[in-house]
Amino acid sequence: AQKNSESPLQRKQFLHRLKQLINIRHHPEQYQKKTRKTCEKCLFLPPAVFEDLAEIPVRVELASEFRYRKMVLDPNGLVIIVSQSGETADSLAALRLAKKKGVKTLGIVNVVGSSIAREADNVFYTLAGPEIAVATTKAYSTQLIAGYCLAIQFAKVRGSIDDTQYAHLIDEMQQLPDKIAKILE
């Protein structure tokens, strides 16, 4: 297994970009997560982290069902669209509907320059690499970590965690590659 070769500068740049994704002045009161069926499972763990750390209610919806439901969206909320390719028709339709209703959107996608990346108000690239299959382990893992990163950052911005807790949680996530490698040995 490969050791984590990320430099301190790369970590600092990542954390800076993560902070830029979160509009400090925007404190959503509710998050909506929209996803395709293959990404569904990666969305059920981060909501608990969002609710526990940032103290924000989260509702997870499948993108394929979102546009067919008469759903009330909080205009002060945030809709997070999760897609491996960034081109999934159902996810794009959910994104466009959220934007039409005036709700801020964040795309979590793997592919730079994809439709969701271009159309969302903000984008979090997972950079998992090329897809070999529809549901890939690396795409799942990076989407899961992206959800955790966002939850931790929102908690920090909202004052739900202090600098020490924040640093500890980020450090624990940065150690994951080495911990996984150790398990696989």
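The numbering scheme is per chain: residues are counted from 1 as the chain's sequence reads. Local features in a predicted model are, by the rule used here, given only for residues with pLDDT of at least 70; side-chain atom pairs are given and counted only at 80 or more, and totals for whole chains, interfaces and linings are based on all residues. Water and hydrogen atoms were dropped before computing side-chain values, which therefore reflect all heavy atoms in the structure.

Caption draft 1: Just a nonpolar patch on the surface, in detail. For patch detection, residues must exceed 30% relative accessible area and be free of salt bridges, and they are connected within 9 Å for like charges or within 5 Å for nonpolar side chains (Val, Leu, Ile, Met, Phe, Trp, Tyr). What sets the accessible areas is the Shrake-Rupley method with a 1.4 Å probe; for residues, cover comes only from the shown protein chains. Definition used for salt bridges: Asp or Glu carboxyl oxygen within 4 Å of a side-chain nitrogen of Lys or Arg. Side chains of I145, L176, I180, I183 and L184 sit close together on the surface and give an oily, nonpolar patch of about 480 Å² of accessible area. Of all the elements, helix α8 (residues 176–184) adds the most residues to the nonpolar patch, at four residues. Its place among the elements puts L176 in helix α8. Judged by relative accessible area, which is 30%, L176 ranks as partly exposed. Every helix listed is a DSSP run of H or I at least four residues long, and every strand listed is a run of E at least two residues long, numbered separately from the N terminus. Buried residues are those whose accessible area, probed at 1.4 Å on protein chains only, stays under 20% of the maximum for their type, while exposed residues exceed 50% and partly exposed ones sit between those limits.

Caption draft 2: Representation of the nonpolar core. Buried Ala, Val, Leu, Ile, Met, Phe, Trp, Tyr and Cys residues form a nonpolar core when they are joined through side-chain atoms within 4.5 Å. F50, I80, I108, F124, L150 and I152 are the most contacted members of the largest nonpolar core, which totals 23 residues. Those elements that provide at least two residues to this core are α2 (46–54), β3 (78–83), β4 (104–109), α6 (137–158) and α7 (163–174). Among the elements that line this core, the one with the most residues is α6, at seven residues. Core analysis: the second largest hydrophobic core is formed by 16 residues, I81, V109, A117 and V123 among them.

Caption draft 3: Local environment of α7. In a regular helix each residue adds 1.5 Å, so 12 residues correspond to 16 Å; α7 covers 16 Å between its end C-alpha atoms and thus fits that length. Burial in α7 covers these residues: Y166, I170 and M173. Each buried residue of α7 lies within a common arc of 60° when the element is viewed along its axis, so the set occupies one face. Here, expected helix span is obtained from the residue count minus one, scaled by 1.5 Å. Arc, as used here, means the arc of the directions from the helix axis to the C-beta atoms.

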